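In case you want the letters, here they are:
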Amino acid sequence: MTQTAKKPVSIKKTILRLLLYFVVLDVCIITLYPYFAMLCTALKSREEIFSGGTVLPITAIWSNFIDIWSRAPMARYMLNSVMIAGGSTIIAMLCGIPAAYALARMKFKGQTAFLGFVIVSQMFAPVVLLIGIYQVMQTLNLTNSILGLVFINAAFNQAFTIWLLRGTFMGISADMEQAATIDGCNRIQSMMKVLLPVAAPGIVTTLIFIFINAWNEYTVALCLIQDDLLKPLTVGINTFNGYNIIEWQYLFAASIFAIIPVVILFMCIEKNLVSGLASGGVKG
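Residues numbered from 1 in each chain as written. Predicted model: local features only at pLDDT ≥ 70, side-chain atom pairs only at ≥ 80, totals over all residues. Heavy atoms only, no water.

Brief notes about a nonpolar patch on the surface
The following threshold applies: Exposure above 30% relative accessible area and the absence of a salt bridge qualify a residue for a patch, where like charges join within 9 Å and nonpolar side chains (Val, Leu, Ile, Met, Phe, Trp, Tyr) within 5 Å. For accessible areas, the Shrake-Rupley method is used with a probe of radius 1.4 Å. Any residue's cover is judged against the shown protein chains and nothing else. For salt bridges, the criterion is a side-chain nitrogen of Lys or Arg within 4 Å of an Asp or Glu carboxyl oxygen. Per the convention used, a helix needs a DSSP run of H or I reaching at least four residues, while a strand needs a run of E reaching at least two, with both numbered from the N terminus. Only protein chains enter the accessibility calculation, which uses a 1.4 Å probe. A residue is then buried if its area is under 20% of the maximum for its type, exposed if over 50%, and partly exposed in between.
Together, Ile119, Val120, Met123, Phe124, Val127, Val128, Leu129 and Trp163 make up an exposed nonpolar region whose accessible area comes to about 750 Å². In this fold, Ile119 is placed in helix 5 (residues 111-121). Here Ile119 falls in the partly exposed class, since its relative accessible area comes to 36%.

This is how it looks when you write it as structure tokens:
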């Protein structure tokens with residue numbers, strides 16, 4: 001009787017597992033198909049793209065990935081994107097870590113109101129504040145400059161940084177910092193030597209998300225940058241989007257180069273991503 005009872009349970013588990021695999025496979029196909037179609041289009045000729053046909057190219061033209069470097073200053077676009085994303089990430093982390101630490105470990109008047117302000121500020125997209133942003137940047141003489149985009153991206157990622165890192169710090173026991181204080185460390189030393197190494201997964205996760213958000217930013221850069229050599233990659237690839245015709249093969253080839261850094265970063269943080277997000281989701 002025991003063996004007979006186990007068989008239906010085993011069959012049920014097998015069916016459920018197969019259904020789970022089927023759902024996961026469908027989600028992967030739906031998610032990855034646009035990138036597959038992008039790659040296939042990047043390997044086609046202009047005539048083949050406009051003639052229709054199958055998704056797969058008849059003859060793969062790998063030279064499209066080489067031609068874009070001569071048709072547009074792709075290297076400069078990528079360098080600009082690296083400077084903007086890297087600079088805004090550094091500023092956001094330098095400001096966000098102390099703020100998150102103060103919210104997680106200290107008690108002060110107006111803490112709840114400040115935390116609410118942080119949450120509310122995350123609700124505003126840059127496009128909503130675009131006119132105000134342009135006026136401020138014009139007053140500061142930071143329009144058409146990489147530095148202006150660095151400050152803007154850092155500001156718009158600040159709320160996310162504070163909120164996620166606060167949850168990370170609150171998920172770590174304060175006893176270790178108290179022990180370091182007893183050993184002679186001040187508050188800053190205990191934070192640097194004890195708290196930050198333990199919070200490394202959450203910090204790395206936050207850092208990567210800020211970098212990716214800044215790397216993918218488009219609207220503000222489109223409105224503020226007029227000089228072609230100062231454009232980030234997201235705006236610079238519009239070079240292949242002309243008034244009369246769109247060079248889809250070059251546009252998608254350039255887009256693939258824009259995606260590669262993001263994919264590499266996600267591969268680097270794959271092990272820390274779940275633990276970092278989980279630690280950042282701790283309620284205060």
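So, the layout of surface pockets
The condition is simple: A 1.4 Å probe that fits but cannot get out identifies a cavity on a 1 Å grid over protein atoms alone, an open set with protein on both sides within 12 Å along at least five of seven lines counts as a pocket, and a residue lines either if it has an atom within 4 Å of a point. Grid points are joined across faces, edges and corners, and a volume is the space filled by probe spheres set on the points. Any residue that is not Ala, Val, Leu, Ile, Met, Phe, Trp, Tyr, Cys, Pro, Asp, Glu, Lys or Arg is counted as polar, Gly included; the first ten are nonpolar and the last four charged.
Approximately 470 Å³ is the volume attributed to the largest pocket. Taken together, 22 residues form the lining of the largest pocket, with Ser121, Ala155, Phe156, Asn157 and Gln158 sitting closest to its centre. Of all the secondary structure elements, the ones that give two or more residues to the lining of the largest pocket are helix 5, helix 7 (146-156) and helix 8 (158-170). A breakdown of the residues in the lining of the largest pocket according to their chemical character gives 15 nonpolar, six polar and one charged. In this structure, the second largest pocket encloses a volume near 180 Å³. Along the walls of the second largest pocket sit Val27, Cys28, Thr31, Leu32, Tyr35, Ile259 and Val263, which together make up its complete lining. Secondary structure elements with two or more residues in the lining of the second largest pocket: helix 1 (2-42) and helix 14 (248-268). Broken down by element, the residue count for the lining of the second largest pocket peaks at five residues, all from helix 1.

So, the environment of Thr205
By the secondary structure assignment, Thr205 is in helix 11 (residues 200-216). Between the C-alpha atoms of Thr205 and Leu79, which are 126 residues apart in sequence, the distance is 23 Å.

Side note on the confidence of the model for the chain
Close inspection of predicted coordinates is inappropriate in any region flagged by low pLDDT. Quick reminder of the rule: The quantity known as pLDDT measures the predictor's confidence residue by residue, on a range of 0 to 100. We call two residues contacting when some pair of their heavy atoms lies within 4.5 Å.
Predicted confidence across the chain gives a mean pLDDT of 83, with 91% of residues reaching 70 or more. Per-element mean pLDDT across the chain ranges from 54 in helix 15 (residues 270-280) up to 93 in helix 7. Overall, residues 278-284 carries pLDDT values under 50, and its contacts beyond four positions in sequence, including any with other chains, amount to 12 contacts.

Re the packing of aromatic side chains
What counts here: The rule is short: rings of Phe, Tyr and Trp, with Trp giving its six-membered ring, pair when the centres are within 6.5 Å, and they are stacked under 30 degrees, edge-to-face over 60, tilted in between.
Per the stated rule, a full pass over the model turns up nine aromatic pairs. With a centroid separation of 6.1 Å and an interplanar angle of 70°, the aromatic rings of Phe65 and Phe257 are classed as edge-to-face. Highlighted residues: Phe65 in helix 3 (residues 64-71) and Phe257 in helix 14, separated in sequence by 192 residues. Among the aromatic residues, ring-to-ring pairing joins Trp62, Phe65, Trp69 and Phe257 into one connected group.

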